[in-house]
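Geometric and topological summary
Each chain is listed here by its residues.
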Amino acid sequence: MATPAPAREWPNDLESFTATARRKHMTPSSLVLRHETAVASLDDADRLDVPAGTPLLRLDRVRLLDDVRVAVDRTLVVARLAPGIEKADYTSASLFEELRTHGVELDRSEATIEARTAEAELAEHLRLPKGAPVLVLDQTIYTREQRPVLLSTVEYSGERYRLRTTFQPS
């Protein structure tokens, strides 16, 4: 008889913060820190494979689970790939769901995860002491056509969020 698979805490597939929260029977919400149109810097343009100066949706949010601050998410989206996406109310809307609604199908993420300590501004947003441990997820998300559409840096409270995945031999 096969042993049942353990419950996942972190998805092995591309899943939004909102979907992960709902799967874990928690209520996601956000405090929007910044929601504006910005232009792509040279570095952002290079990562997103667009010309510098391309309009981007800049969305910075404190992410909450059951009203507990667990992360700060700073995201840039290529606006022309999802016209109208800037109109959503991101205190409750899922960015991934909004992208799907606007015809953008996400395929994969290239991500790095590292441990750091919280600087003053981050500590204030997460209500942590300065220097508290945080996990930083930096990712580029691609469409089904393998076009980069989104850059995201998410800084998770090391005390309030756990990232878990499965590694298998290749």
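Procedures and definitions
- Residues numbered from 1 in each chain as written.
- Predicted model: local features only at pLDDT ≥ 70, side-chain atom pairs only at ≥ 80, totals over all residues.
- Heavy atoms only, no water.
- Salt bridge = Lys/Arg side-chain N within 4 Å of Asp/Glu carboxyl O.
- Helix = DSSP H or I, 4+ residues; strand = E, 2+ residues; numbered from the N terminus.
- Buried < 20%, exposed > 50% of the residue type's maximum accessible area, 1.4 Å probe, protein only.
- Contact = heavy atoms within 4.5 Å.

Quick look at the pattern of salt bridges
Counted under the stated rule, the structure contains 11 salt bridges. Taking the shortest distance from any N to any O, the salt bridge between Glu-105 and Arg-144 comes out at 3.9 Å. On the criterion of sequence distance, the pair formed by Glu-105 in the loop between α3 (95-101) and β4 (106-117) and Arg-144 in the loop between β5 (133-143) and β6 (148-157) is long-range, its members being 39 residues apart. One salt bridge in this structure joins Glu-110 and Arg-108, with 2.7 Å as the shortest N-O distance. Judged by its relative accessible area of 42%, Glu-110 is partly exposed. Taken together, the shared-partner salt bridges in this structure form one network comprising Arg-34, Glu-36, Asp-60, Arg-74 and Glu-155.

A few points about the environment of Asp-44
Here Asp-44 shows up in helix α2 (residues 42-48). A C-alpha to C-alpha distance of 26 Å links Asp-44 and Glu-124, two positions 80 residues apart in sequence. Other than its neighbours up to four places away in sequence, Asp-44 contacts Leu-56, Leu-76 and Leu-151.

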